[in-house]
Amino acid sequence: MNFDLTPEQDQLRDAVRALGRKYGHGYFVEKARAGTHTTELWQEAGRLGYLGVNIPTEYGGGGGGITELAIVCEELAAAGCPLLLLVVSPAIAATVITRHGTDEQRKRHLPGLADGSQKIVFAITEPEAGSNFHRLGTVARRDGDDWLLTGRKCYISGVDEAGHVLVVARTEDSGTGKLKPALFIVPTDAPGLERSKLDMEILSPENQFLLYLDDVRLPGDALVGESLDAGLPALFSGLNPERITVAAMGAGTGRYAIERASEYTAKRAVWGGKSIGSHQGVAHPLAHAAVQVELARLMIHKAATLYDAGRDLEAGVAGNMAKYAAGEAAALAVDTAVQALGGAGMTTEYGVATLLGAVRAGRIAPVSREMILNFVAQHVLGQDKSY
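Note that the coordinates shown come from a computational prediction; the quantities given were computed from them, not determined experimentally.

## With respect to the overall build of the protein
Helix and strand counts for the protein come out as 10 helices and nine strands. In summary, the protein has a C-alpha radius of gyration of 21 Å against a globular reference of 21 Å for 387 residues, a match within 12%. Taken over the C-alpha atoms alone, the protein extends approximately 80 × 50 × 40 Å along its principal axes. The buried share among the 387 residues of the protein stands at 52%. Taken as a whole, the protein presents about 17,500 Å² of accessible surface, with 52% of it coming from carbon and sulfur. Side chains of the protein carry 37 positive and 45 negative charges; the gap between the two charge centres is 5 Å.

## Details of the UniProt feature "domain: Acyl-CoA dehydrogenase/oxidase C-terminal" (unreviewed entry) in the protein
UniProt marks residues 230–380 with the feature "domain: Acyl-CoA dehydrogenase/oxidase C-terminal" (unreviewed entry), using the numbering shown here. Between the C-alpha atoms that bound residues 230–380 there is a distance of 27 Å. The span itself is 75% helix and 3% strand.

## A closer look at unusual backbone geometry
Following alanine 365, the chain continues to proline 366 via a peptide bond in cis, the omega torsion being 0°. Counting through the fold element by element, proline 366 comes out in the loop between helix H9 (356–361) and helix H10 (369–379). Here tyrosine 155, not a glycine, exhibits a phi torsion of approximately 55°, which is positive. Here tyrosine 155 shows up in strand S3 (residues 146–157). For aspartate 215, which is not glycine, the phi dihedral falls at a positive 50°. Its location among the elements puts aspartate 215 in strand S7 (residues 208–218).

## Brief notes about the packing of helix H8 (residues 312–341) against H10
Between H8 and H10, the least distance of the axes is 10 Å, while the angle of their chain directions is 145°. By crossing handedness, the relation of H8 to H10 is classed as left-handed. For the pair H8 and H10, contact is made by Gly316, Val317, Asn320, Met321, Lys323, Tyr324 and Glu328 and by Arg369, Ile372, Leu373, Phe375 and Val376, respectively. Its residues assigned to classes, the contact of H8 with H10 shows seven nonpolar, two polar and three charged.

## Topic: the environment of threonine 188
Residue placement: threonine 188 occurs in the loop between strand S5 (179–187) and strand S6 (193–198). Between the alpha carbons of threonine 188 and valine 121 there is a distance of 9.6 Å; along the sequence they are 67 residues apart. When sequence neighbours within four positions are dropped, the list of residues in contact with threonine 188 reads Val159, Ala162, Gly163, His164, Val165 and Leu193. One polar contact links the side chain of threonine 188 to the main-chain carbonyl oxygen of alanine 162, over a distance of 2.8 Å.

## Description of the environment of threonine 6
As for its position among the elements, threonine 6 is in the segment before helix H1 (7–34). Placed 56 residues apart in sequence, threonine 6 and glycine 62 show a C-alpha to C-alpha distance of 15 Å.

Rules behind the numbers
- Residues numbered from 1 in each chain as written.
- Predicted model: local features only at pLDDT ≥ 70, side-chain atom pairs only at ≥ 80, totals over all residues.
- Heavy atoms only, no water.
- Helix = DSSP H or I, 4+ residues; strand = E, 2+ residues; numbered from the N terminus.
- Rg over C-alpha atoms; globule rule 2.2 N^0.38 Å.
- Buried < 20%, exposed > 50% of the residue type's maximum accessible area, 1.4 Å probe, protein only.
- Areas by Shrake-Rupley, 256 points an atom, 1.4 Å probe, with all protein chains shown as cover.
- Lys, Arg positive; Asp, Glu negative; His and termini not counted.
- Charge placed at Lys NZ, Arg CZ, Asp CG, Glu CD.
- UniProt positions renumbered as here; feature names shortened; annotations may be inferred.
- Axes fitted to C-alpha atoms, helices over the stretch in contact; angles between N-to-C directions.
- Left-handed = near helix turned anticlockwise from the far one by under 90°.
- Contact = heavy atoms within 4.5 Å.
- Nonpolar A, V, L, I, M, F, W, Y, C, P; charged D, E, K, R; others polar.
- Polar contact = N/O pair within 3.5 Å; in protein donor to acceptor, adjacent residues only side chain to side chain.

So, in structure tokens, the structure goes:
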């Protein structure tokens, strides 16, 4: 069992860390407050090859895996710049298209995803379905050689920044008459596709949207894969990378918060000239949070390693555990950092409370902690399905 990164992975971590610190949390907050996007950081990360580390080299990527992309996600977050679109575009969309798209879809989309000139976001969540995938109501039906999509999606990140959205719909199996999942690459300017911005209590440069699909007409080649049989495998191939990279962002955010708090408490002196960090009431909570973040990082590394080795079932368990652990650790780390800084922790200047909303959301999305516990109880502990 080897816990060391390869020399190339170490170099990637150092390089991404330097890029993240070049921009920093102040840049992230400024963009979010202004209602604009982290375009400059995204474009530079693309030029340097960091957005495409998990995309095959024949399409302009780095030829690595989710391990490398998790490094990118973690290090940018550890610099105070957690980029949510790293999850939905290179992690989900690029993985789905690489593994299950047609040759034409790979040639058309992967080079742009690799260099950052193209973004594809992901739409699965629906207002009525919640966590129950089997209740998805967005339906795709044949109309000659075309497809017509109708339905609603919610909490869809970054639609205003993307040229396409990867929509999960349901089609009717001609043999059985049953509905089965299928994925479609939909241009965001397609007639019949409307969006409405959701106001969120989260400080983030990425916006959330409701999507309305009213008989959105698509050509036959918008369907991901060669046939409808690709739908379910394609969908699940994107969910493990999603959980792993979300977990990596959470771990990076936790590292950022602990670092900010540790710097402050090591220098802040109030009682008798000693730093407040010398008091166990301050130091122990920070140390506890640091332990939780490091434990989450280990599970993230395990999950990414399993996924890149093609061990999807094991990666599913580890990925869910990693997401759970990182969500809890990030929320703990940010809350502990705010408490250690006292009043300063609530100011924008110290850059910790600005992440409270994001880490709280990390315990809900993209899959809630409760649904992960259901999954572990059923698939690891052998309990009956509880929902």
